[in-house]
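Per-entry structural report
The lines below spell out each chain.
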Amino acid sequence: MADLKEFAEQLVNLTVKEVNELADILKEEYGIEPAAAAVAVAGGAAAGGEEAAEEQTEFDVILKAPGGSKLAVVKLVKELTGLGLKDAKELVDGAPKAVKEGVSKDEAEALKSQLEEAGAEVELK
């Protein structure tokens, strides 16, 4: 049982980049396509046309408001940040707040897309 708890701990603490890499491995080597990774990949591709702040290399993903489905946003923030449920809820309740800071443009756009699909209002700085 301890090994499963360690494994769960490792999964919870993965970064978005690591989750995307894991999704690629699962898809290519095992034929499994995780739904969350598909959303991140689709969101990143759809947001690629933006030309705002081309020279900026690090972005902050700011949750402006949780929107109508607050519970879904809390769960997603928990998943994306590796925070516990209580901390994720406090972050969402305290909006506007930074979900992630200093991330690449692609990662920031993927996070923004996922959060907006969950109903949140998000801004990149």
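This write-up is about the structure you can find in this document. Since we're looking at a predicted model, the values are computed, not measured.

When helices and strands are counted, the protein shows 6 helices and 3 strands. Going from the N terminus to the C terminus, the protein shows its helices and strands as α-α-α-β-α-α-β-α-β. Here the protein holds 125 residues, and the buried ones make up 28% of them. For the protein, the share of sequence-separated contacts (at least 6 apart) that also reach a separation of at least 24 residues comes to 70%. Total accessible area computed for the protein in this model is approximately 7900 Å², and 53% of it derives from carbon and sulfur atoms.

On the surface, Glu18, Glu21, Asp24, Glu28 and Glu29 cluster together into a negatively charged patch. Positionally, Glu28 belongs in helix H2 (residues 16-30). Taking the relative accessible area as the measure of exposure, Glu28 reaches 67% and is therefore exposed.

With that settled, consider the sheet that holds strand E1 (residues 59-65). Reading across from one edge, E2-E1-E3 is the order of the 3 strands in this open sheet, with antiparallel pairing throughout. With one partner strand each, in any of the chains shown, strand E2 (97-103) and strand E3 (121-124) form the two edges of the open sheet. For this sheet, the mean inter-axis angle between neighbouring strands, taken without regard to orientation, is 20 degrees. Where E1 and E3 come together, 4 bridges link them in antiparallel fashion. Counterpart to Ala65 in the pairing with E3 is Glu121.

What follows covers a nonpolar patch on the surface. There is a patch of nonpolar side chains on the surface, built from Phe7, Leu11 and Leu22 and spanning about 260 Å² of accessible area. Tracing the backbone through its elements, the reader meets Leu11 in helix H1 (residues 2-12).

Okay, the nonpolar core next. The biggest cluster of nonpolar side chains holds 20 residues, and the ones touching the most others in it are Val61, Leu63, Val73, Val77 and Leu115. Counting only elements with at least two residues in this core, the list comes to E1, helix H4 (70-81), helix H5 (85-93), E2 and helix H6 (105-117). Among the elements that take part in this core, H4 stands out by supplying 5 residues, more than any other. When sequence neighbours within four positions are dropped, the list of residues in contact with Val73 reads Leu63, Pro66, Val92, Leu115, Ala118, Gly119 and Ala120.

At a minimum axis separation of 8 Å, H4 and H5 run at an interaxial angle of 120 degrees. Our classification of the angle between H4 and H5 gives oblique. Pair H4 / H5 crosses with right-handed handedness. Side by side, H4 and H5 meet where Lys70, Val73, Val74, Val77 and Lys78 of the first sit next to Leu85, Ala88, Lys89, Leu91, Val92 and Asp93 of the second. Of the residues assigned to the contact of H4 with H5, the class counts are 7 nonpolar, no polar and 4 charged.

On to the environment of Lys64, then. By the element assignment, Lys64 lies in strand E1. By relative accessible area, which is 36% here, Lys64 ends up partly exposed. Apart from the residues lying within four places of it in its own chain, the contact partners of Lys64 are Ala95, Pro96, Glu121, Val122 and Glu123.

Reading the values: rules and limits
- Residues numbered from 1 in each chain as written.
- Predicted model: local features only at pLDDT ≥ 70, side-chain atom pairs only at ≥ 80, totals over all residues.
- Heavy atoms only, no water.
- Helix = DSSP H or I, 4+ residues; strand = E, 2+ residues; numbered from the N terminus.
- Buried < 20%, exposed > 50% of the residue type's maximum accessible area, 1.4 Å probe, protein only.
- Contact = heavy atoms within 4.5 Å.
- Areas by Shrake-Rupley, 256 points an atom, 1.4 Å probe, with all protein chains shown as cover.
- Patch = residues over 30% accessible without salt bridge, like charges linked within 9 Å, V, L, I, M, F, W, Y side chains within 5 Å.
- Salt bridge = Lys/Arg side-chain N within 4 Å of Asp/Glu carboxyl O.
- Lys, Arg positive; Asp, Glu negative; His and termini not counted.
- Charge placed at Lys NZ, Arg CZ, Asp CG, Glu CD.
- Pairing = 2+ DSSP bridges.
- Axes fitted to C-alpha atoms, helices over the stretch in contact; angles between N-to-C directions.
- Core = buried A, V, L, I, M, F, W, Y, C linked by side-chain atoms within 4.5 Å.
- Parallel < 35°, antiparallel > 145°, perpendicular 65-115°, else oblique.
- Left-handed = near helix turned anticlockwise from the far one by under 90°.
- Nonpolar A, V, L, I, M, F, W, Y, C, P; charged D, E, K, R; others polar.

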